[in-house]
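# Remarks on the overall topology
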Amino acid sequence: MLHGHGLYLEEHDAFRRTVRAVVEKEILPHVRDWEAQEAFPRELFTRFGELGFLGLKYPVEYGGSAAGELYEAVLLEELGRCGSGGVSAGLGAQFTISTGPIHLFGTDAQKRRWLAPAIAGEKIGALGITEPDAGSDVAGLRTTARRDGDHFVVNGSKTYITNGVRADFVVVAVKTDPSAGHKGLSMLVVEKGTPGFSVGRKLDKLGWRASDTAELFFEDCRVPVENLLGVEGQGFAQIMGNFQWERLSLALGAVGAMEDMLETVLAHVKSRRAFGQSLHQFQVVRHKLADLFTARESARQLTYHALRLHVAGEWAVAQTSMAKKVATETCCHVADECLQLHGGAGYMMEYDIQRHWRDARLGPIGGGTSEVMNEIIAKQLGL
């Protein structure tokens, strides 16, 4: 029914129908208000927790369903259709990037402390990697964590952190050995209210306006040693491992967003008239739509191929990077062309296509830029 292409089974399609119903009933009617308020209600996390959407790939003992990553992939695609990149990003960050490292590298005690309440939607998490002077260059991070007895003393700052304003905990990449390059990185969980940890301003963004994006500051912030995730010095590998799913999630969200945009523009060109006929009756419009649907399908197939390899347990770094790059760049192109097909209406804030256009632009930047994806792909080619 819904483009499984041999990847999704009937139970995944049934889940897709469930998610789509929730999105259409509980998110879409409120998107414009949330965009204007530049926030969506915290209760949406709790609601997603109740529905089991925040723990699809996590073990049952922590409140998850252990359904697997394909179910989460369906959720990501359908969230991409919700009409707000900010809502999709805020909710998606909870289950793709902030809880992933705790699930993969945390102890049982750490999982009960942070993962379980995050799966229930009771605690909001964030991932703190990017800094003012270091984004995709993870080895160049400057935030330090110096061991002092049974604490780490953290100093530094993070920026562009999704959910950073209202996060109850942040998984923070720190340099525990500044002289060791990428081998000196570790991951610490810093809780809200920890002395020395403060949230700066909520950043004003071009798109994703319903999500909160923050600056974070650490000034002699004392974090208990038991908040270290995994082994000290293993942070770089932990970050790289989590990046694969983050990049796939961005590609899947772009696929969903393109589907929403193309459905919208199709309805528009059929209802809009010019020179005595509907827009879709002009060959130039029909051919443009044919190109856009073809581009979307190409991006989707590449994304599904990378997803198929990933869920099979393969280290598909090249394919994941290709999918992230192609899907997000194609999404920008589709958004631009769909806005153009709306004519003057596309430039008006009352039409949703302008928001898709703004939201799509983050895709080739976030989670590693397209330029960094090219470097990764080149490296996999042995160049």
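Predicted, not measured: the structure shown is a model, and the values here were computed from it. Throughout this document, residue positions are counted from 1 along each chain, in the order its sequence is written. Only residues with pLDDT of 70 or above have their local features reported here, since the model is predicted, and side-chain atom pairs are shown and tallied only from 80 upward, although totals for entire chains, interfaces and linings are computed over all residues. The basis for every side-chain value is the complete set of heavy atoms in the structure, and neither hydrogens nor water enter the calculation.

### A closer look at the environment of V225
A run of H or I in DSSP becomes a helix once it reaches four residues, and a run of E becomes a strand once it reaches two; helices and strands are each numbered from the N terminus. With respect to the secondary-structure elements, V225 resides in the loop between β7 (213–224) and β8 (228–229). Each C-alpha atom of the pair V225 and E314 lies 33 Å from the other, and the pair is 89 residues apart in sequence. Residue contacts are defined here by distance: any two heavy atoms, one from each residue, within 4.5 Å place the two residues in contact. In this structure V225 touches R147, G149, D150, H151 and F152, once residues within four positions along its chain are discounted.

### Here we look at the pairing of strand β2 (residues 144–148)
Strands pair, by our definition, only if DSSP identifies at least two bridges between them. Both β2 and strand β3 (residues 151–162) contribute to a ladder of five bridges, which runs antiparallel. Pairing of R146 across the sheet is with V153, part of β3. Between β2 and β3, which follow one another and run antiparallel, lie two residues, and G149 among them has a positive phi close to 65°.

### Focus on the pattern of salt bridges
Two side chains carrying opposite charge are able to pair once their charged atoms lie near each other. Any Lys or Arg side-chain nitrogen located within 4 Å of an Asp or Glu carboxyl oxygen qualifies as a salt bridge. Overall, the coordinates contain 29 salt bridges when judged by the stated rule. Between K158 and E131 there is a salt bridge, with the nearest N and O atoms lying 2.9 Å from each other. On the criterion of sequence distance, the pair formed by K158 in strand β3 and E131 in the loop between β1 (125–128) and β2 is long-range, its members being 27 residues apart. A relative accessible area of 1% places K158 in the buried class. Note on E131: relative accessible area 6%, which makes it buried. Note that D204 is salt-bridged to R209, the shortest N-O span being 3.0 Å. Buried, partly exposed and exposed residues are distinguished by accessible area as a fraction of the type maximum, computed with a 1.4 Å probe on protein chains only: under 20%, between the cut-offs, and over 50%, respectively. Residue classification places D204 among the exposed positions, given a relative accessible area of 62%. Judged by its relative accessible area of 21%, R209 falls in the partly exposed class.

### With respect to the domain arrangement of the chain
Where a domain begins and ends is set by an automatic assignment or by a domain database. Domain annotation of the chain identifies domain 1 (10–124), domain 2 (127–233) and domain 3 (236–381). Here the C-alpha centroids of domain 1 and domain 3 sit 21 Å apart. Contact with domain 1, which involves 24 residues of that partner, is made by 22 residues of domain 3. Buried area: the accessible surface (1.4 Å probe) lost by two parts on joining, summed over both. Its largest share of buried area at the contact with domain 3, domain 1 owes to E69, E77 and R81, together 30% of the area lost on that side. Counting across the domain 1 and domain 3 interface gives four salt bridges. One salt bridge connects E259 with R81, and the closest N-O pair in it is separated by 2.9 Å. N or O atoms within 3.5 Å of each other form a polar contact, as long as, within protein, one can give a hydrogen and the other can take it, and as long as residues adjacent in sequence are counted only when both atoms are side-chain atoms. On the surface where domain 1 and domain 3 come into contact, there are twelve residue pairs in polar contact (both at pLDDT 80 or more). At the level of elements, α1 (10–27), α2 (31–37), α4 (69–80), α5 (85–98) and α6 (100–105) are the ones that each hand at least two residues to the side of domain 1 that touches domain 3. The residue inventory of the side of domain 1 that touches domain 3, partitioned by class, reads eight nonpolar, seven polar and nine charged. Under the scheme applied, nonpolar residues are Ala, Val, Leu, Ile, Met, Phe, Trp, Tyr, Cys and Pro; charged residues are Asp, Glu, Lys and Arg; polar residues are all the others, including Gly.

### Points about the layout of surface pockets
Over the atoms, a rolling probe the size of a water molecule traces out where space has been left empty. As a volume, the second largest pocket reaches approximately 380 Å³. Both site types are read off a 1 Å grid over the protein atoms alone. A 1.4 Å probe that fits but cannot get out defines a cavity, while an open set with protein on both sides within 12 Å along at least five of seven lines defines a pocket; lining residues have an atom within 4 Å of a point. In this structure, the second largest pocket is lined by 16 residues; those nearest its centre are F236, M240, V372, I376 and K379. Across the lining of the second largest pocket, the residue classes tally to nine nonpolar, three polar and four charged. Of the residues that make up the lining of the second largest pocket, three or more belong to each of domain 2 (127–233) and domain 3 (236–381). Grid points are joined across faces, edges and corners, and a volume is the space filled by probe spheres set on the points.

### Concerning the side chain of K205
When you line up the elements, K205 lands in the loop between β6 (197–202) and β7. Looking at K205, its side chain comes within polar contact range of the side chain of T213, at 3.1 Å. If sequence neighbours within four positions are ignored, K205 has contacts with S211 and T213.

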